[in-house]
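Structure assessment
Listed below, chain by chain, are the residues.
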Amino acid sequence: MHLADLTPHLIYKFKSESELVDTILKISERFNFDRDKIDEYVLSEKQVAAYTCFYGATNIAKLQACLDKIGIKDLSHYELIDIGCGPATFSLAALSLNAEQKIIGLESSKLMRDQAAKLLKGLFPSANANLYESVEKVPRKTDLKRIGLFGHSANEMEEGLIKKIIIKLELDDVLFIEPGTKYFFEKMKTIRTWLVNSDYSINYPCAGGSTCPVPEGDWCHQYIKVSHEHDVERLCQLVKKDRRLMPIILHHYSKGNLKSSRGELVQRVYPPLKFASSMDICQLEQDELKLIPLEVVYKGLGKSQIKALQKILAGDKIEFEVSKELNNGVRRVTWTN
C-alpha cells in the first residue's frame, strides 16, 4: 500500500515532510530506549498519525509474508479479530487481500480507534469491519471460526490480559506477529505453555508442544522479507530504518489436537562455511523438541542453488537428507528442497 493512500485519511495533517520524520524519530526513540513511556504515543493526534505513516505502512506488508510462512492461503474462512489493532494496520492488510473479510478491531485508545475508523471508511467503505474499545463489548461468537491476531500488541499487554482476551473471545486460532526481541520471547514462552495446556496445538513455528529447547538467555525469532511501495521506502530512508528484512516472533495456534504437516524449520543461521551453510533446526525427536546443528554441504549444487541456500532465513522450511553424523553432534546433510 502506498503512503499516498494513507495520508488523505490521517487525523492530523503534517505541515511538512520534516515534521513527519521528526515525529517518527521521537516515537522510535521511545520504542527503543524509553519503554516505560511506550503508551504515550497514543495520546497525541500527531504521533498517532506519524505511527500510521511509518509503522502502519510498513507493517501492512507483513501479513501476506507471515501467512506465507505459516502456510495459510487466506483468512476468508475466519472472522478476524485484530487485537490491539491501533490504526487498523493488519485489518487494512487483510482487506487488501480480501475486501470481503469480516473484521473486528479491538483497541482501547480512542485516538487510535478514530484513526482506524477514518482509514477503514476512506479506503474500504463497504468493508464488514467494526471497532470496539474493550473485549466485553465484542459480540458473541457466531458459526464462523474466529482467529485472533496480536499484531505488535501483545508485547504491550500484561500476560493476564492476553489470556483473558483469548478466553473471552472464544478464539479457534491465535496468531502472534510480534517484535523479534528477547524481551517478548520470554513472554511468548509462558503464553505458549499456557496455550498448550489450554488445548491449543502449535502450527508454527514448533513441531510440538514439548518444552522449548532454546537455552536460557537466548531467544527464538524468525525473519521475513517484504517490499514496500516507493514512497514508503523513501520514508524508511529518511528515518534511516530498513523495514525490508524484519525480525519477528511469529506463532500460530489452533484449538484442538492437530498435527503439523510442515517439514523442519530453521531456528538460526550462522555465517557460511567454505563448503557448507551452517544452521540450527528445531526438530521433534521422540516427542521432545531439540535444536540440531546442520552443515548443508554445497557439493553437488549449482551456483544458483547455492545462492538460494544462502538466502534461507530463520523460520524457513528446509528439507534434507543426512549424509553423516559428526562427533560434535553436527549433522552433515544434503539439501533436497
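These lines cover the structure that appears in this document, whether it is placed above or below. (Residues numbered from 1 in each chain as written. Predicted model: local features only at pLDDT ≥ 70, side-chain atom pairs only at ≥ 80, totals over all residues. Heavy atoms only, no water.)

Here we look at the pattern of salt bridges
Should the charged atoms of two oppositely charged side chains come close, the side chains can pair. Quick note on the threshold: Any carboxyl oxygen of Asp or Glu that lies within 4 Å of a side-chain nitrogen of Lys or Arg is treated as forming a salt bridge with it. For the purposes of this entry, the term helix denotes a DSSP run of H or I that reaches at least four residues, the term strand denotes a run of E that reaches at least two, and both are numbered from the N terminus. Summary of the burial criterion: residues with accessible area below 20% of their type's maximum are buried, those above 50% are exposed, and those between are partly exposed, where the area comes from a 1.4 Å probe applied to protein chains only.
What the rule picks out here adds up to 19 salt bridges. Lysine 46 is the partner of glutamate 19 in a salt bridge, and the nearest nitrogen-oxygen pair spans 3.3 Å. Taken together, the residues span a long stretch of sequence, with glutamate 19 in helix H2 (residues 17-33) and lysine 46 in helix H3 (residues 45-60) at a distance of 27 residues. Judged by its relative accessible area of 14%, glutamate 19 falls in the buried class. With a relative accessible area of 29%, lysine 46 lands in the partly exposed category. With a closest N to O distance of 3.1 Å, arginine 244 and aspartate 242 form a salt bridge.

Thoughts on the pairing of strand S2 (residues 102-106)
Applied cut-off: Two strands make a pair as long as DSSP finds a minimum of two bridges between them. Handedness is read with the strands pointing away from the viewer; a crossover is right-handed when the path from the first strand over the helix to the second is clockwise.
Among the five residues in S2, four count as buried, and that is most of the element. As paired strands, strand S1 (residues 78-83) and S2 are joined by five bridges and run parallel to one another. By the bridge assignment, glutamate 79 is partnered in S2 with lysine 102. Once you follow S1 into helix H5 (residues 89-97) and on to S2, the crossover reads as right-handed. In this structure, S2 lies alongside strand S3 (residues 129-132), joined through four bridges in parallel fashion. Note on S3: the bridge partner recorded for isoleucine 103 is alanine 129.

Comments concerning the packing of H3 against H5
Worth spelling out the cut-off: Note on method: axes are straight lines fitted to C-alpha atoms, helices fitted across the in-contact stretch only, with angles between N-to-C directions ranging 0 to 180 degrees. Crossing handedness: left-handed means the near helix sits turned counterclockwise from the far one by under a right angle, and right-handed means the same turn made clockwise. Two residues qualify as a contact provided that any one of their heavy atoms is within 4.5 Å of a heavy atom in the partner residue. When residues are sorted by character, Ala, Val, Leu, Ile, Met, Phe, Trp, Tyr, Cys and Pro go into the nonpolar class, Asp, Glu, Lys and Arg into the charged class, and all the rest, Gly among them, into the polar class.
Between H3 and H5, the least distance of the axes is 9 Å, while the angle of their chain directions is 35°. Judged by the sense of rotation from one axis to the other, the crossing of H3 with H5 is right-handed. Judged by residue contacts, Tyr55, Gly56, Asn59 and Ile60 of H3 engage Thr89, Phe90, Leu92 and Ala93 from H5. Considered class by class, the residues forming the contact of H3 with H5 number five nonpolar, three polar and no charged.

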